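Examining the three-dimensional arrangement
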Amino acid sequence: MRQKIVAGNWKMNKSFQEAEDLLDEILEIMEEEKGENPQMVICTPFPYLELATDMMDEFHPKIGAQNVCEFENGAYTGEISANMLNSVGVEYCIIGHSERRKYYAENSGSLVKKLDLLLNEGITPIFCCGEVLEEREADKHFDIVRAQVEEALFHLNSDEIRNVVIAYEPVWAIGTGKTATSAQAQEMHAYIRALLNVKYSKDISEEITILYGGSCNAKNARELFSNPDVDGGLIGGASLKAEDFFKIYKSF
Ligand code: 13P
């Protein structure tokens, strides 16, 4: 279901105590905000997921993980399964983030498996795609994103794809302070929606939530979110401070 979403990706930040304090602060600010649109999602490191799901009430916000194992269970030392995430109340999971593609060789082959396992557990995947700077400069950004979307997502049937959130994160904008312009974001989001239209249907393409990520902050969120095909944001650095994150959340 298409929904306005502001999701925070804490990445590998915060001690347990700092995580608890930040969640407390967010909950305090969110006290008055009982609703599901926009939906706030907080993707914490693995060790804090149970703390986070325990702290949330039934409405708001939802808790997400930042990765999941591509295998179901068994002898995969150091890995975390989709079933484990579900068992501690996790409702979203980021997959295919450019940092994982770059440092951990995440590719479409493993993403296909991760998607299937998450959907089986009723966890909403937040599937990330996006081009690096050289690809944009060579005018290949549409081709790159199309390949990423097709290879990882297009094995899903119409019912399954409805349960996926897509995040367009141009890699050159992540953690750089260099945000995509509002027009660049809208153009790519509309392109992704057009791909979904061709593969599935107009109705399905209109049902899918597409988030923007990459140096999105309290100053630029409103303009980015005002675009017809931008349904919210996946926020890194600015999600680590409750006030900034809340300002972004209120930017629709
Ligand atoms: P920044 O907001 O820090 O640029 O990070 C974006 C991101 O990677 C979210 O997943």
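The structure presented is a predicted model; accordingly, all values stated were derived computationally and were not measured.

**Some thoughts on the sheet that holds strand E5 (residues 124-129)**
On the basis of which strands lie adjacent, the closed barrel formed by eight strands has the order E1-E2-E3-E4-E5-E6-E7-E8 and parallel pairing. Taken over all neighbouring pairs, the strand axes of this sheet differ in orientation by 25° on average, direction set aside. Sheet topology note: the strand E1 (residues 5-9)/strand E8 (residues 232-235) ladder contains four bridges and is parallel. Looking across to E8, one finds that Gly 8 is bridged to Ile 235. Across the sheet, helix H7 (residues 141-153) is in contact with E5 and strand E6 (165-168); its angle to E5 comes to roughly 150°.

**Considering the pattern of salt bridges**
By the definition in use, this model includes 14 salt bridges. Here Glu 91 ties to Lys 62 by a salt bridge, and the two come within 3.8 Å at their closest N and O atoms. Of this pair, Glu 91 sits in the loop between helix H3 (82-87) and strand E4 (92-95) while Lys 62 sits in strand E3 (residues 62-65), and the two are 29 residues apart along the sequence. Given the relative accessible area of 12%, Lys 62 is considered buried. For Glu 131, the salt bridge goes to Arg 136, with nearest N and O atoms at 2.7 Å. Comparing Glu 131 with Arg 136, the two get one shared label, buried. The network of salt bridges with common partners includes Arg 2, Arg 193, Lys 202, Glu 206, Asp 229 and Asp 231.

Conventions used here
Throughout, a residue's number is its position along its own chain's written sequence, starting from 1. Whole-chain, interface and lining totals are the exception, using all residues; otherwise, since this is a predicted model, local features are given only for residues with pLDDT of at least 70 and side-chain atom pairs are given and counted only at 80 or more. To get the side-chain values, take all heavy atoms of the structure and skip hydrogens and water. Strands pair, by our definition, only if DSSP identifies at least two bridges between them. Helical segments are the DSSP runs of H or I of at least four residues, strand segments are the runs of E of at least two, and each set is numbered from the N terminus. Axes here refer to lines fitted to C-alpha atoms; in helices the fit is confined to the stretch in contact. Angles between the N-to-C directions go from 0 to 180 degrees. We call two residues in contact whenever any of their non-hydrogen atoms come within 4.5 Å of each other. By definition, a salt bridge exists where a carboxyl oxygen of Asp or Glu is found within 4 Å of a side-chain nitrogen of Lys or Arg. With a 1.4 Å probe rolled over the protein chains alone, any residue whose accessible area is under 20% of its type maximum counts as buried; one over 50% counts as exposed, and the rest are partly exposed.

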